[in-house]
Structure formats: C-alpha cells, structure tokens
Amino acid sequence: MGYVLWGIFGVDMNVWLDAFLRLQLVVVVMTVTVMALIYIERKFVGRIQMRLGPMRTGPYGTLQSIADAVKLLTKEDVRPATADWWLFELAPYVTFVPVFMTLLALPFMEGWGVRDLQLGLFYIVAVSGVTVIGYLMAGWASDNKYALLGAVRSAAQLISYELPLILAVLAVSMIAGSLNLNDITLQQDTVPNVVLQPLPFLILVTATLAELSRRPFDIPIGESELVGGPWVEYSGIRWSIIFALTEYAGLWGMSILTALVFFGGWEWPFGTRSWWGDFDFLYQLLLVFVKSSFLILTVMWISATFPRLRVDQLMAFCWKILLPFGFLQVLINGIVLTYLDDSETARDVVLFATSGALMVAMAWVIYLATRQPPREERVGAALAARSA
Amino acid sequence: MIGVLRSLGVTMATMLRKPVTIQYPTEHRKVPERDRAFPILLYDFEVDEPFCTGCHACERACPVECMTVTMKDNPKHAEGTSKRRKIIDEFYIDYARCMRCNICVEVCNFDAIAMNNTWAGHELSVLDRKDLVVDLDQLLALSKSKQIRPWVPS
C-alpha cells in the first residue's frame, strides 16, 4: 500500500499508470464516501425528526448502505415498453459522468488531484452544466408525463442556478487572479475567502442546494406532486447511478470545491507545512475533510429544515435577487481590485466591507419581497385605481 | 429572514433531543394496566381451579358471539375442597372474531375473566385463522404462569 501511495504522491512513474491509479483512487474513495453519506444523511435527518434512523443492519445500522447497494445492484432493471431505448439506457451515465469529471480537477491535497488544471474552476463549472442533459434525456425517454415534467423543471432550475454559481466563484477567482484551484487555495494563507466575500459564499451555497435538487429547491423531484422527478421509471442499478451516485458524489464534490475556494482548503489556518513532517498530506486531507464535512452537514441540516419553494418563487429568487447581486459583486470586485492593488490590507478591508454591505442589501431586498402583498392583490388594486 | 434562522435553530434543537423511537420487536413500550387486548380466564390458586363456573353470562352477553362455554359438576365440590358446585368444562374464544369490547368482563359474576393487558395479547399473528380459536388451557396459561396483572373493573 505504501509503495502505491508513494507512486501516486510524486515518485516518477509511467504517466498512464499514474493517471490510472489516481483515477482508481478517486473512484474507490467516491463510492465509499457516497455510501457513508447516505448513511450519515439518514441518521442525521432521523435525529432531526427525533427518530433513530437505520438501526437494524449491523451495529447502529452501519451496514445499511451496503445492504442497499447489494439490493439495488441485484434488482431487476425495468424499462417501460414505450421508452426510447438508447436515451433511456444512456441517461444515467450522462448525468453521472459530468459529476465524476468535476472530481478529477479537485486538488484534495496541495498539488494532488487527478489532474492539476490551470483552468480548473472553469473546467468544473463547464462540465457540471452537462448534467442537465442527462435529466432531460431521462425524462423524455421514460415516456411518462411526470418524468418529463420533472425533467423540464430540473432543466429550468439547473440552468438558472448555474449562473449565480458561476458568478460566485468568479468573484473569488478575481481576488486570486487565477482559475487554478491550487492557486486560489494557496492565496488564502491568512484570510479565507469566506471572510472577504461572504455574499458570494451565500450565493454559492444557495446555488449548490439548487444544483443538487436539495430540499428547499427540490421542485424537480417533488415527491408529493411529481412522484420522483426525471427518474420515476428507473429501477435497480440505473436508479442508483442516476440518483444516489449523482446526488451524493455531487454533494461531496461541491462541498470540497466550496471548502477549497471559500475556506482555504488545506492552506488556511496553519499553512500547508505542519509539524507532521512526512505526513503533511494526512494533515492536509484532515483539514479538507473537516471543512467539507462541516459543509455537507450544513447542507443536510438546511435540507432537513425548509419546505419546498414554488416554481415562480424559485425562478424569481434566482433571476431577481441572486443574479443581480452576483453581478454587482463581480463589478465591485473589479473596481476594488483595479484601484487598490498596492496595499493588501486596505484591499481586504474594502472587499469585506463592500461584500458585507451587499449582503445586508440583499437581505433587505429579500425582506421587502417577502413583505409584498400577493400579486393578485397588487394587480387588483392597480385595476381598481385605473377604473376609479 | 429571521424566521429562516429561527427554523434552523428549531431543527437543531430537536436534533439534540432524545429520539422517541422504541425498537419495537426487541423492545416493548410498557402497556398500561387498563390496556385491552383479548379476554383471558383467571386461575384461583387457593383451590387450584379456574374462577369460572361456566355460567354462560359472558357467552350470552357477547355481541359478536365469539365464545363457546360448557359447564360440568365440580368434582372438588363433591370432595368438599371447593365451594363451586359447577365448574367450567370447555371454553373457546375466537380471537379473530372478538372485538375487545370488555362486556364479558363486566357481566362476569365471579371476576373470572379479564382483558389481557400484556404484549402477548397483542402479538397474535398466526398462519391459519383457525389457530386464533383458543381453548381453556390457552386461556388460563397466562394467569397460571402469573405473568398477568389482572385488572377487573369492580
């Protein structure tokens, strides 16, 4: 094991073998993480609802995910008679592969990813946008009106929330002056970006919730009205790919991305080098693990708390609030970074002040929007005023 | 906006509370004393025979007619060890038919029948409906083994 690890950690090796080993490592870690996350979410949400969660399979139900995996893999793979064969069979892969591809550009330790890309952030944003096509394929090919409705809703939602997400990470990459995730993380040696840019952080978390179709934004899945969204007709292994793997691998990837971009990943608070000597990589992994676990638990906590939004509320929130404020943040960042490039401290203070002010302004706008009387009343009042 | 944060606080507060789940088949909630499962017969340990004299009062009162009772002369009365002239011979209750109305307990003149207030009275799944017709031995078993805390309205 040690030999293999050291091979992956920088000893010269055949390029293809190296890439293959890194890929294998990511695949194995991803699968284990997904199974652990499913168990953790069931336990955590159970406790929030004052239940125990899975308890029977293994001690405290720890083997529940393995039992579920065995069940899903051995289940019959049902396909509706009227389904479009190619689209139906391929849709799970089209949804899953982009999510997996985002994992390839993430530096889990300093300089250690499957590939260290100069345009890492751009690559991640570009690749994760493809998932929508998989949902649409699944919904269309199922030949089921609920699946199609869910697919169209998820297409609208994912495409809309892609934009604030891009603006949020863009605002941060402007500060780092780079799209390389290693550079962005290394730049946060003293102050993490979440302090400099609280508003983009909020936007990113909100957009992540929407991208993953989690609770306040689970309109595409909507069990109560759409049965199960684009994957109503799926079962067995295809369902586990399209649902479990995509959702939870996406959650994992996005939380690691957020930890790297906003919480300084393995850099903040103590710098990359520690007193662990040769085992620095373990220390870095631990930091990333702690930060991403915190984010994952926060996402689970949020999605266990809030009820579902309406479609128009969802769209209005994205296009009327998140997107304008994201653009404003990018604009202000540009001005600040252009004219305050001589003093680091002054720059940081101004960045924090402007982003904080924008956050307060956004909260105020949301407050006003929630205090508005319903649209019917406003239209009725306007019509009455005109006829009088 | 404040409500959003407050709701997050509510879920976190419930998370820190103790779960209410009881792991049912391995762990039982304590049933109350006046819990009504199905009727069973009580056993008189002083004279070593059932309290029931087979007087048919419960059988006649039963609204769903789930009981069958027969009576015989009590051999112990002839010996002089028991005050009961008559004693129960055979007693069948069809638990599939019983609706747990408690009327049999209320009409009984000898406090010989009571509602089962243990979990054994509720866990009665069988493979054949016929197995739910229980005879005298089964009706007396719980009382004989002293596992029941009989609660008879007085």
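Residues numbered from 1 in each chain as written. Chains lettered and ligands numbered in written order. Predicted model: local features only at pLDDT ≥ 70, side-chain atom pairs only at ≥ 80, totals over all residues.

### Topic: the sheet that holds strand β4 (residues 67-73) of chain B
Residues and elements named next belong to chain B.
Working step 1: Read across the open sheet, the three strands follow the order β4-β5-β7; overall the sheet is antiparallel. Two strands bound the open sheet, and with one partner strand each, they are β4 and β7 (133-134).
Working step 2: On the sheet, helix α5 (residues 136-144) packs against β5 (86-94) and β7 and is oriented at approximately 95 degrees with respect to β5. (Pairing = 2+ DSSP bridges. Helix = DSSP H or I, 4+ residues; strand = E, 2+ residues; numbered from the N terminus. Contact = placed C-beta atoms within 7 Å. Axes fitted to C-alpha atoms, helices over the stretch in contact; angles between N-to-C directions.)

### Some thoughts on the interface of chain B and chain A
Working step 1: Facing the 11 residues of chain B at the interface are 13 residues of chain A.
Working step 2: A per-class count over the side of chain B that touches chain A returns five nonpolar, five polar and one charged. (Nonpolar A, V, L, I, M, F, W, Y, C, P; charged D, E, K, R; others polar.)

### As for the nonpolar core
Working step 1: Ranked by size, the top nonpolar core spans 82 residues in total, and within it Ala138, Ala168, Leu204, Ile242 and Leu251 of chain A carry the most contacts.
Working step 2: The element best represented in this core is helix α12 (residues 236-262) of chain A, accounting for 16 residues.
Working step 3: Counting 27 residues, the second largest nonpolar core, distinct from the first, contains Tyr43, Phe91, Ile113 and Leu139 of chain B. (Core = buried A, V, L, I, M, F, W, Y, C linked by C-beta atoms within 7 Å. Buried ≥ 20, exposed ≤ 12 C-beta atoms within 10 Å, placed from the backbone.)

### Some details on the pairing of β5 of chain B
Residues and elements named next belong to chain B.
Working step 1: As judged from the seven bridges shared by β4 and β5, these two strands associate in the antiparallel manner. Across the sheet, the residue bridging to Met67 is Ile93, located in β5.
Working step 2: Bridging between β5 and β7 involves two bridges; their strand directions are antiparallel. Counterpart to Ile93 in the pairing with β7 is Val134.

### Some thoughts on the environment of Tyr95 of chain B
Residue and element names in this part refer to chain B.
Working step 1: Here Tyr95 is to be found in the loop between β5 and α4 (103-107).
Working step 2: Taking the C-beta count within 10 Å as the criterion, Tyr95 has 20 such neighbours and is therefore assigned buried.
Working step 3: Residues contacting Tyr95, with those up to four places away along its chain left out, are Phe38, Leu124, Leu132 and Val134.

### Some remarks on helix α6 (residues 131-141) of chain A
Residues and elements named next belong to chain A.
Working step 1: The buried fraction of α6 is high, at nine of 11 residues.
Working step 2: For α6, every residue scored as buried is listed here: Thr131, Val132, Gly134, Tyr135, Leu136, Met137, Ala138, Gly139 and Ala141.
Working step 3: Check the buried side of α6 and you find it contacts α4 (85-104), α5 (120-128), α7 (145-176) and α12.
Working step 4: Backbone geometry just downstream of α6 places Asp143 in the positive-phi region, at approximately 55 degrees.

### Some details on the packing of helix α2 (residues 15-48) of chain A against helix α13 (residues 280-305) of chain A
Geometrically, a packed helix pair is captured by the angle between its two axes and the distance between the axes.
Residue and element names in this part refer to chain A.
Working step 1: Put simply, α2 and α13 touch, their axes get as near as 10 Å, and they point 45 degrees apart. By the angle between their axes, α2 is oblique relative to α13. Crossing geometry of α2 relative to α13 is assigned as right-handed. The residues of α13 that touch α2, namely those facing Leu37, Glu41, Phe44, Val45 and Ile48, are Ile296, Leu297, Met300 and Ala304.
Working step 2: In terms of residue class, the contact of α2 with α13 is built from eight nonpolar, no polar and one charged. (Parallel < 35°, antiparallel > 145°, perpendicular 65-115°, else oblique. Left-handed = near helix turned anticlockwise from the far one by under 90°.)

### Observations concerning the domain arrangement of chain A
Residues and elements named next belong to chain A.
Working step 1: According to the domain assignment, chain A contains domain 1 (1-74) and domain 2 (79-387).
Working step 2: If you average the C-alpha positions of domain 1 and of domain 2, the two centres end up 22 Å apart.
Working step 3: Domain 1 puts 15 residues into the contact, and the matching count from domain 2 is 18 residues.
Working step 4: Secondary-structure elements contributing two or more residues to the side of domain 1 that touches domain 2 are α2 and α3 (64-74).
Working step 5: In terms of residue count, α2 provides more of the side of domain 1 that touches domain 2 than any other element does, 12 residues in total. (Domains from an automatic or database assignment.)

### Overview of unusual backbone geometry
Working step 1: In this chain, Trp268 of chain A is followed by Pro269 of chain A through a cis amide linkage whose omega measures 5 degrees.
Working step 2: For Pro269 of chain A, the location among the structural elements is in the loop between α12 and α13.
Working step 3: One non-glycine residue with positive phi stands out, namely Met50 of chain A, at about 60 degrees.
Working step 4: Within the fold, Met50 of chain A resides in the loop between α2 and α3.
Working step 5: One non-glycine residue, Arg100 of chain B, adopts positive backbone phi at about 55 degrees.

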